[in-house]
Amino acid sequence: MSPKQPNRRLAVLLAEADWNGAQLARSVNALGNQQGYRLRYDRTAVAHWLKGSRPRRPVAELVGQALSRRCGRLITAEDTGLVAASGERRHSAQGAVPPQEEPDPLRRLVRMCRAEVDPEQRVLLRRTVFDLSDPAAPVSDHRSRSRGLAVGRPVLRADLTLLGAAIRLFATSVDAHGGNHARSALAAYLADDGLALMSGPAPDELHRQILTACAQLTHLLAVMTADAGHHGLAQRYDSTSLGLARAAGDRLTCAIVLRALSTQAVNLGHLRQAADLAAAAARHAPPGAPAAVRAYVLSQRALTRALLRDRRRADVDLAAGEEALRQSSGDSGPFTSYPAAAFAYQRGQVLHALGRRDQAVAALQAAVEGRSLTERRPAALTHSRLAHLLLEAGRLEEACSHWHHFLDLYPLLRSAQADRALADLLHALSAFPRHPQAVGLCEQARALVALARNTLPGS
């Protein structure tokens, strides 16, 4: 066995980042925890890497992400010297491409969804790591590859109606119960019914409409997967949704998915990627697009600009989004509307990023008041966010009131986002050990944590 060679690539990157080994280890641990990995690396692990050791996957990808965020440029796993020069695409024992790396979007969707319902393959699939170099934004044409050879029974227009019902069903489910409820049911539906409809003989226009509906269902699966805490896998589902929407020639669905990818990148702290994706979403939803879609994408571009300290253009986008929202119709479909409460929440996020906390609080209060009784997940997360802003403003009693509402809703949710919000509640209120209301909330939250640990995981 040849001796290990020092990892000069990683040493150069650490110098560029002006980091020591402990700082890199902490950043890698934090990124891993965000994506569902419990990592406990320290400076000694980094010292071993510098001497030539290679950590197990996906640590190299997380190192690349940490250094990318620190250095302000894309740094891949290969750039770190922690994987083989070939890039080490993961292959199965038979040498097959893993489901999430299948190039054709239709085949990728079917293979991923079938892996989701297999207990052994599901574990490997969920280890997919978020990819900073994911080619989500560039336009490519998968039309001929996704169509393939028509097989099975002819597709009917009634099938499109059934797909629409499925879209409404799963969109309602994720808002009511969170993404970790019935997720595998949607995967199984796409692998069976979705494949049959996308592969069946149909006139071109009907086929394109079927592809759009399946792209929207795939996006909902991505939303559920992200809310279940599997961010890399959620990104692959949204990239697959993009491929299907492009094959259908549907720019509006592309805009919606790109906007969602931008939101995910913001949540993970990848602001430059988030801004690029938000800009791509806006390009796909030109001025002639439906007003609700324009409001949806402009509000996200406003947020990314606010987070990057581009105050003037953030204000312009927010105002344009508000005007588009006023022009939108009363349609209530999940892909044809943008609820006023959802826009108010986004407005609060933008205003807080711009340093206007009081206005942000008012916007989030409007968002809370506008939620229906079935929108438990967004309501719970809005109460949590509002509580943090109120606490930041020194309004502890009001913050506790909103955390009470959050705790009332939490047991009805199967959501990693809600789980993180519960942990954040405990962390924030632990600073007030003598405040009766805060102590009572912490006791209630700890009881819910204990209950969750004894509950079977969701789908």
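Residues numbered from 1 in each chain as written. Predicted model: local features only at pLDDT ≥ 70, side-chain atom pairs only at ≥ 80, totals over all residues. Heavy atoms only, no water.

Chemist: Can you walk me through the overall build of the protein in this structure?
Modeler: Within the protein one finds 21 helices and 0 strands. In terms of overall size, the protein behaves like a compact globule, its C-alpha atoms giving a radius of gyration of 23 Å where 459 residues would be expected to give roughly 23 Å. Dimensions of the protein, computed from the C-alpha atoms along their principal axes, are close to 70 × 65 × 50 Å. Looking at the protein as a whole, 52% of its 459 residues are labelled buried. A separation threshold of at least 6 residues defines the contact pool for the protein, and within that pool the share at least 24 residues apart is 69%. If you sum the accessible surface of the protein, you get close to 21,200 Å²; carbon and sulfur atoms cover 54% of it. Averaging the locations of the 58 positively and 42 negatively charged side chains of the protein gives two centres separated by 4 Å. (Helix = DSSP H or I, 4+ residues; strand = E, 2+ residues; numbered from the N terminus. Rg over C-alpha atoms; globule rule 2.2 N^0.38 Å. Buried < 20%, exposed > 50% of the residue type's maximum accessible area, 1.4 Å probe, protein only. Contact = heavy atoms within 4.5 Å. Areas by Shrake-Rupley, 256 points an atom, 1.4 Å probe, with all protein chains shown as cover. Lys, Arg positive; Asp, Glu negative; His and termini not counted. Charge placed at Lys NZ, Arg CZ, Asp CG, Glu CD.)

Chemist: Which parts of the structure should I look at to understand the pattern of salt bridges?
Modeler: Where side chains of opposite charge bring their charged atoms close, a pairing between them can arise. Evaluation of the coordinates by the stated rule reveals 15 salt bridges. As a salt-bridge pair, Arg107 and Glu102 come within 3.5 Å of each other at their nearest N and O atoms. With a relative accessible area of 10%, Glu102 lands in the buried category. With a shortest N-O distance of 2.6 Å, Glu322 and Arg347 are connected by a salt bridge. On the criterion of sequence distance, the pair formed by Glu322 in helix H15 (residues 311–327) and Arg347 in helix H16 (residues 340–353) is long-range, its members being 25 residues apart. Several salt bridges converge on common partners, so that one network encompasses Glu102, Arg107 and Arg111. (Salt bridge = Lys/Arg side-chain N within 4 Å of Asp/Glu carboxyl O.)

Chemist: Mind showing me how you'd approach the confidence of the model for the protein here?
Modeler: Caution is warranted with low-pLDDT regions, since their predicted coordinates should not be read in detail. Across the protein, the average pLDDT comes to 90, with 91% of residues at 70 or higher. Taken as a whole, residues 86–95 scores under 50 in pLDDT and shows 15 contacts with residues more than four places along the chain or in a different chain. Scored below 50 in pLDDT, residues 137–145 shows 19 contacts in the model against residues more than four places distant or in partner chains. (pLDDT = per-residue confidence, 0-100.)

Chemist: Would you mind showing me how to read the environment of Thr304 here?
Modeler: On the secondary structure map, Thr304 appears in helix H14 (residues 291–307). Residue class for Thr304 comes out buried when judged on its relative accessible area of 3%. Residues Thr304 and Gln273, spaced 31 residues apart in sequence, show a C-alpha to C-alpha distance of 9.5 Å. Apart from residues lying up to four places away in sequence, Thr304 is in contact with Ser262, Val266, Ala274, Ala275 and Ala278.

Chemist: Got a minute to help me understand the packing of helix H10 (residues 204–227) against helix H12 (residues 251–267) in this structure?
Modeler: Helix-helix packing: each pair is described by the crossing angle between the helix axes and the interaxial distance. Contact pair H10 / H12: the axes reach a minimum separation of 10 Å and the direction vectors enclose 10°. Of the possible angle classes, the one that applies to H10 and H12 is roughly parallel. Residues Thr212, Ala215, Gln216, His219 and Ala226 of H10 form the contact with H12, whose own contacting residues are Thr253, Ile256, Val257, Ala260 and Gln264. Residues of the contact of H10 with H12, tallied by class, amount to 5 nonpolar, 5 polar and no charged. (Axes fitted to C-alpha atoms, helices over the stretch in contact; angles between N-to-C directions. Parallel < 35°, antiparallel > 145°, perpendicular 65-115°, else oblique. Nonpolar A, V, L, I, M, F, W, Y, C, P; charged D, E, K, R; others polar.)

Chemist: Help me understand the packing of aromatic side chains in this model?
Modeler: The geometry of an aromatic ring pair is captured by two quantities: the separation of the ring centres and the angle between the planes. According to the stated counting rule, one finds 4 aromatic pairs in the structure shown. Here Tyr41 and Trp49 contribute two aromatic rings whose centre-to-centre distance is 5.2 Å and whose plane-to-plane angle is 65°, an arrangement assigned as edge-to-face. Neither residue differs from the other here; Tyr41 and Trp49 are each classed as buried. Cluster of aromatic residues (ring-pair linked, three or more members): Tyr296, Tyr338 and Phe343. Across from the ring centre of Tyr296, 3.9 Å away, lies the NZ or CZ of Arg259, which sits over that ring. (Phe/Tyr/Trp six-rings, centres within 6.5 Å; stacked < 30°, edge-to-face > 60°. Lys NZ or Arg CZ within 6 Å of the ring centre and 35° of its normal.)

Chemist: Before we go on, may I ask you to explain the nonpolar core in this structure?
Modeler: Grouped burial of nonpolar side chains is what soluble globular proteins tend to show. Core analysis: the largest hydrophobic core is formed by 109 residues, its most contacted members being Leu217, Tyr237, Trp403, Phe406 and Leu429. The biggest single contributor to this core is H10, with 11 residues. Ranked by size, the runner-up nonpolar core spans 26 residues in total, among them Leu13, Tyr37, Leu62 and Ile75. (Core = buried A, V, L, I, M, F, W, Y, C linked by side-chain atoms within 4.5 Å.)

Chemist: I'm lost on the side chain of Gln349 in this one. Help?
Modeler: Tracing the sequence through the fold places Gln349 in helix H16. Discounting chain neighbours no more than four positions away, the residues touching Gln349 are Leu303 and Arg385.

Chemist: Any chance you could explain helix H19 (residues 396–409) here in plain terms?
Modeler: In an α-helix, one turn spans 3.6 residues, which is why side chains three or four residues apart end up on the same side. Taking 1.5 Å per residue as the helical rise, H19 with its 14 residues ought to reach 20 Å, and the 20 Å between its terminal C-alpha atoms agrees with that figure. All of the buried residues in H19 are Leu396, Ala399, Cys400, His402, Trp403, Phe406, Leu407 and Leu409. Structurally, H19 contributes buried residues whose contacts are with helix H18 (376–392), helix H20 (416–429) and helix H21 (436–453). (Expected span 1.5 Å × (residues − 1).)

Chemist: How should helix H4 (residues 59–71) be read in this particular structure?
Modeler: The end-to-end C-alpha distance of H4, which contains 13 residues, comes to 18 Å, matching closely the 18 Å that a straight helix rising 1.5 Å per residue would cover. A large share of H4 lies buried, amounting to 10 of its 13 residues. Gly72 sits one or two positions beyond H4 and adopts a positive phi of about 75°.

Chemist: Sorry if this is basic, but what is going on with the packing of H16 against H18 here?
Modeler: At a closest axis distance of 11 Å, the pairing of H16 and H18 adopts a crossing angle of 30°. What the angle tells us is that H16 and H18 run roughly parallel. Once H16 is placed against H18, the crossing between them reads as left-handed. Counting all contacts with H16, which are made through Tyr345, Gln349 and His352, the residues of H18 involved are Thr382, Arg385, Leu389 and Glu392. Residue composition of the contact of H16 with H18, grouped by class: 2 nonpolar, 3 polar and 2 charged. (Left-handed = near helix turned anticlockwise from the far one by under 90°.)

Chemist: Looking at this structure, I do not really get the side chain of Ser68. What am I missing?
Modeler: Locating Ser68 in the fold gives a position in helix H4. Within polar-contact distance, the side chain of Ser68 engages the backbone nitrogen of Ile75 at 2.8 Å. (Polar contact = N/O pair within 3.5 Å; in protein donor to acceptor, adjacent residues only side chain to side chain.)

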